[in-house]
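# Commentary on secondary and tertiary structure
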Amino acid sequence: MLIADDNEKRRKNLVGIFSAYCEVDSVEGGAEAVALFMRCHDSSKPYTFIVLSHPIRTMEAPEAFRLIRAYEQRQGCLSKSTICVLSSTPDCREVFSGLLGNDPQVFFHFTHVDPSGLLALFRESTQKRLAESVRKKIVPSMKTRLDFYS
């Protein structure tokens with residue numbers, strides 16, 4: 001999992017919550033998130049769940065989102081990463097849809113991050129990804145950063 005949030009306290013809280021379930025990397029800005037996403041994908045350990053706060057430093061979340069999707073398309077990824085956008089902006093969903101079109105990512109609005117809601121989203125995403133792999137009989141050829149700890 002990759003968490004990109006310029007709020008250090010919230011970022012550390014999210015890392016603490018999710019590190020019990022999977023390997024978690026965190027960065028402060030959008031540009032760092034895109035660079036780390038590409039580097040990990042190229043090293044055969046792609047992120048399958050990404051949390052982006054909006055707004056965020058160095059690169060706005062919509063631009064980071066667009067660059068991640070464009071990279072996945074160029075690489076011929078069989079399935080896209082789940083991207084969760086954390087925002088207190090009420091029109092965030094409309095802003096992203098207007099700029100980037102319809103994509104099956106999930107938007108999680110917050111005033112205080114509800115860890116149980118975000119954790120439920122993470123689990124649902126994981127279950128869908130596993131079911132899709134079985135349905136398509138895809139044998140994972142690379143370890144992902146969504147592998148659960150025992």
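Placed above this text is the structure.
What comes next concerns the included structure. (Residues numbered from 1 in each chain as written. Predicted model: local features only at pLDDT ≥ 70, side-chain atom pairs only at ≥ 80, totals over all residues. Heavy atoms only, no water.)

## Here we look at the environment of A64
What counts, and what does not: Under the scheme used here, helices are H or I runs from DSSP no shorter than 4 residues and strands are E runs no shorter than 2 residues, and both carry numbers assigned from the N terminus. The buried label applies to any residue whose accessible area, calculated with a 1.4 Å probe on protein chains only, is under 20% of its type's maximum; exposed applies above 50%, and partly exposed to all values in between. Any two residues whose heavy atoms approach within 4.5 Å at even a single point are treated as in contact.
With respect to the secondary-structure elements, A64 resides in helix α3 (residues 61–75). The buried category is assigned to A64, whose relative accessible area is 0%. Residues A64 and G30, spaced 34 residues apart in sequence, show a C-alpha to C-alpha distance of 5.6 Å. Residues within four places of A64 in sequence aside, it is in contact with G30, V34, L52 and M59.

## Some points on the nonpolar core
For the record, the criterion: Put simply, buried Ala, Val, Leu, Ile, Met, Phe, Trp, Tyr and Cys residues joined by side-chain atoms within 4.5 Å make one nonpolar core.
One finds L2, F37, Y47, I50, L52 and I83 to be the most contacted residues of the largest nonpolar core, which totals 22 residues. Looking at this core, the elements that each hand over two or more residues are β1 (2–4), α2 (30–42), β3 (49–54), α3, β4 (82–87) and α4 (92–100). When residues no more than four places from it in sequence are discounted, the contact partners of I50 are L2, F37, I68, S81, T82, I83 and C84. Within the second largest apolar cluster, 15 residues are counted, among which are I17, F18, C22 and V51.

## A few points about α3
Counting along an α-helix, one turn takes 3.6 residues, and residues three or four places apart therefore face a common direction. Put simply, the test is: One less than the residue count of a helix, multiplied by 1.5 Å, gives the span that helix is expected to have.
Across its 15 residues, α3 extends 21 Å between first and last C-alpha, which sits within 8% of the 21 Å expected from 1.5 Å per residue. Three or more residues of α3 are buried, namely A61, P62, A64, F65, I68, R69, Y71 and E72. At the exit of α3 stands G76, carrying a positive phi of roughly 70°.

## Considerations on the side chain of E72
We apply this condition: Definition of a polar contact: a pair of N or O atoms within 3.5 Å, with one able to donate and the other able to accept a hydrogen when the atoms are protein atoms, and with sequence-neighbouring residues admitted only if both atoms are side-chain atoms.
By the secondary structure assignment, E72 is in helix α3. Overall, the relative accessible area of 4% leaves E72 in the buried class. Looking at E72, its side chain comes within polar contact range of the side chain of R69, at 2.8 Å. Among the polar contacts listed, one links the side chain of E72 to the side chain of S81, at a separation of 2.8 Å. Setting aside chain neighbours within four positions, we find E72 in contact with F37, C77, K80 and S81.

In short, shape yes, function no, at least from these values alone.
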